[in-house]
Amino acid sequence: MRIDVLSIFPTYFDGLALSLLGKAQSSGILDLTVRDLRDWTSDRHRTVDDTPYGGGAGMVMKPEPWALALDDLASAAPSPSEQGPTIIFPSPAGEVFTQATARDLSTREHLIFGCGRYEGIDERVFEYASSLGEVRLISLGDYVLNGGEVATMAMIEAIGRLIPGVVGNPESLVEESHEDGLLEYPSYTKPSSWRDRPVPDVLLSGNHKAIAAWRRDQQIERTRARRPDLLADESED
Ligand code: 6GU
């Protein structure tokens, strides 16, 4: 998979060179490039923002650097058969990112993340971008961050670990929170009793059927206690 990121703070993404995603890049599974949006400006101050029409607080990102950058990144397609890249703009005004979104995006050949700052990006950029590929405005949840960088890192990590070969043991992807609509069951390791807290007996029983049933019960109980909205969603389907 190819991922391009456009940001005015490219060093935010240095952490993506670590751990599993770093390995995926050195082994060639993931081709990740972070670009400075200011490289597509032509004035001496490398200006990317301006005052909002209609007035109001803050600054808005100018359309032209975005269009020039997207033109460059979208045209250098990895394969000629391609429909065009999927262009993602992280935004608190977007659809909410879930494990299903991550699964969907992990099947794409080419993702472009456009990280906005200030009060946002000139609205015409989204329409222009849709002439180059599929555009998605995606939010991490109902709270506000200062820009799209942290949200993009979270999404790249969630998407990247679903690309075949990135996570060494694919079985570890199956039994985790949200894969089956439930939260993950609790885990324990040695010692079997620690500071007067014993590990649940069933886990030491060697009875694999009983262990599977207990884990399932724990998943349902935790989901009911912490995320009842997930159970409600299930009955609506
Ligand atoms: Cl994707 N961007 C910003 N700026 N704030 C957010 C967000 C995204 N998701 C939640 N809050």
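An account of the accompanying structure is given in this report. (Residues numbered from 1 in each chain as written. Predicted model: local features only at pLDDT ≥ 70, side-chain atom pairs only at ≥ 80, totals over all residues. Heavy atoms only, no water.)

## Observations concerning the overall build of the protein chain
Our working rule: Counting from the N terminus, the helices are the DSSP runs of H or I reaching at least four residues and the strands are the DSSP runs of E reaching at least two. Each residue's exposure class comes from its accessible area (1.4 Å probe, protein chains only) as a fraction of the maximum for that residue type: buried when under 20%, exposed when over 50%, partly exposed otherwise. Whether two residues are in contact is decided by their heavy atoms: any pair within 4.5 Å suffices. In these tables, accessible area is a Shrake-Rupley quantity obtained with a 1.4 Å probe, and a residue counts as shielded only by the protein chains included in the view. In this charge count, Lys and Arg are treated as positive and Asp and Glu as negative; neither His nor the chain ends contribute. In plain terms, the charge of a residue is placed at NZ if it is Lys, CZ if Arg, CG if Asp and CD if Glu.
Within the protein chain, the regular secondary structure consists of 7 helices and 9 strands. In terms of overall dimensions, the protein chain has a C-alpha envelope of 70 × 40 × 40 Å along the principal axes. Taking all 237 residues of the protein chain together, 38% fall into the buried category. Taking the intrachain contacts of the protein chain between residues at least 6 apart in sequence as the baseline, contacts between residues at least 24 apart amount to 76%. Counting every atom, the protein chain has about 13,900 Å² of accessible surface; 51% of that belongs to carbon and sulfur. Distance between charge centroids for the protein chain: 7 Å, based on 23 positive and 38 negative side chains.

## A look at the side chain of Glu176
By secondary structure assignment, the location of Glu176 is in the loop between helix 5 (149–160) and strand 8 (193–194). Beyond its immediate stretch of four places on either side in the chain, Glu176 contacts Arg161, Leu182 and Glu184.

## Quick word on the site of the ligand
For the record, the criterion: Note on definitions. A residue lies near a molecule or strand when any single heavy atom of the residue is within 4 Å of it. Each polar contact in these results corresponds to two N or O atoms within 3.5 Å; when the atoms are within protein, one needs to be able to donate a hydrogen and the other to accept it, and residues that are neighboring in sequence are counted only if both atoms are side-chain atoms. Ten residue types, Ala, Val, Leu, Ile, Met, Phe, Trp, Tyr, Cys and Pro, are classed as nonpolar, four, Asp, Glu, Lys and Arg, as charged, and the remainder, Gly among them, as polar.
Taken together, Pro90, Ser91, Pro92, Ile138, Ser139, Leu140, Gly141, Tyr143, Val144, Leu145, Gly147 and Ala151 are the residues near the ligand. Here Leu140 contributes a backbone N or O atom positioned 2.8 Å from a nitrogen atom of the ligand. At 2.4 Å from a nitrogen atom of the ligand is found a main-chain nitrogen or oxygen belonging to Tyr143. Notes on the ligand: free accessible area 290 Å², of which the protein chains cover 96%. For the shell around the ligand, the secondary structure elements donating two or more residues are strand 5 (86–96) and strand 7 (134–139). No other element matches strand 5, which puts 3 residues into the shell around the ligand. Its residues assigned to classes, the shell around the ligand shows 8 nonpolar, 4 polar and no charged.

## As for the pairing of strand 1 (residues 2–7)
Rule in force here: At least two bridges found by DSSP between two strands is the condition for calling them paired. Throughout, right-handed denotes a crossover for which the path from the first strand over the helix to the second runs clockwise when the strands point away from the viewer.
Most of strand 1 is tucked away, with 6 of its 6 residues classed as buried. Where burial is concerned, the two faces of strand 1 agree: the one with Arg2, Asp4 and Leu6 and the one with Ile3, Val5 and Ser7 are both buried. Bridge analysis of strand 1 against strand 2 (residues 31–36) gives 6 bridges, and the strand direction is parallel. If you follow Leu6 over to strand 2, its bridge partner there is Arg35. Taken together, strand 1, helix 1 (residues 19–26) and strand 2 constitute a β-α-β crossover, and its handedness is right-handed. Taken together, the 5 bridges between strand 1 and strand 6 (residues 110–114) define a ladder with parallel strand orientation. Counterpart to Leu6 in the pairing with strand 6 is Gly114.

## Thoughts on helix 6 (residues 208–226)
To keep it simple, the criterion reads: Helix span is expected to be 1.5 Å times the residue number reduced by one.
Its 19 residues give helix 6 an end-to-end C-alpha distance of 27 Å, which sits within 8% of 27 Å, the value for a rise of 1.5 Å per residue. By the N-cap criterion, in which a side-chain oxygen at the helix start approaches the backbone nitrogen of a residue two or three places on, helix 6 is capped by Asn207, the distance to Lys209 being 3.2 Å.

## So, the pairing of strand 6
Taking burial as the measure, the 5 residues of strand 6 include 5 buried ones, the bulk of the element. Residues His110, Ile112 and Gly114 point to one face of strand 6 and Leu111 and Phe113 to the other, with burial holding for every one of them. Alignment of strand 5 against strand 6, held across 3 bridges, turns out to be parallel. Note that in strand 6 the partner of Ile87 across the bridge is Ile112.

## Side note on the packing of aromatic side chains
Definition in use: Aromatic rings from Phe, Tyr and Trp, with only the six-membered ring used for Trp, were paired whenever their centres fell within 6.5 Å, and each pair was classed as stacked if the ring planes differed by under 30 degrees, edge-to-face if by over 60, and tilted otherwise.
Applying the stated criterion across every chain, the model contains 3 aromatic pairs. When the ring of Phe89 is compared with that of Phe126, the centres are 4.9 Å apart and the planes differ by 80°; the resulting orientation is edge-to-face. You can see Phe89 sitting in strand 5 and its partner Phe126 sitting in helix 4 (residues 124–129), a full 37 residues away along the chain. Phe126 carries the same exposure label as Phe89, and that label is buried. Among the aromatic side chains, those forming a connected cluster through ring pairs are Trp66, Phe89 and Phe126.

## A look at the environment of Ile8
Along the chain, Ile8 turns up in the loop between strand 1 and helix 1. Counting along the chain gives 141 residues from Ile8 to Glu149, while the straight-line C-alpha distance between them is 9.2 Å. Apart from the residues within four sequence positions on either side, Ile8 is in contact with Asp36, Leu37, Arg38, Val48, Met61, Arg117, Tyr118 and Glu149.

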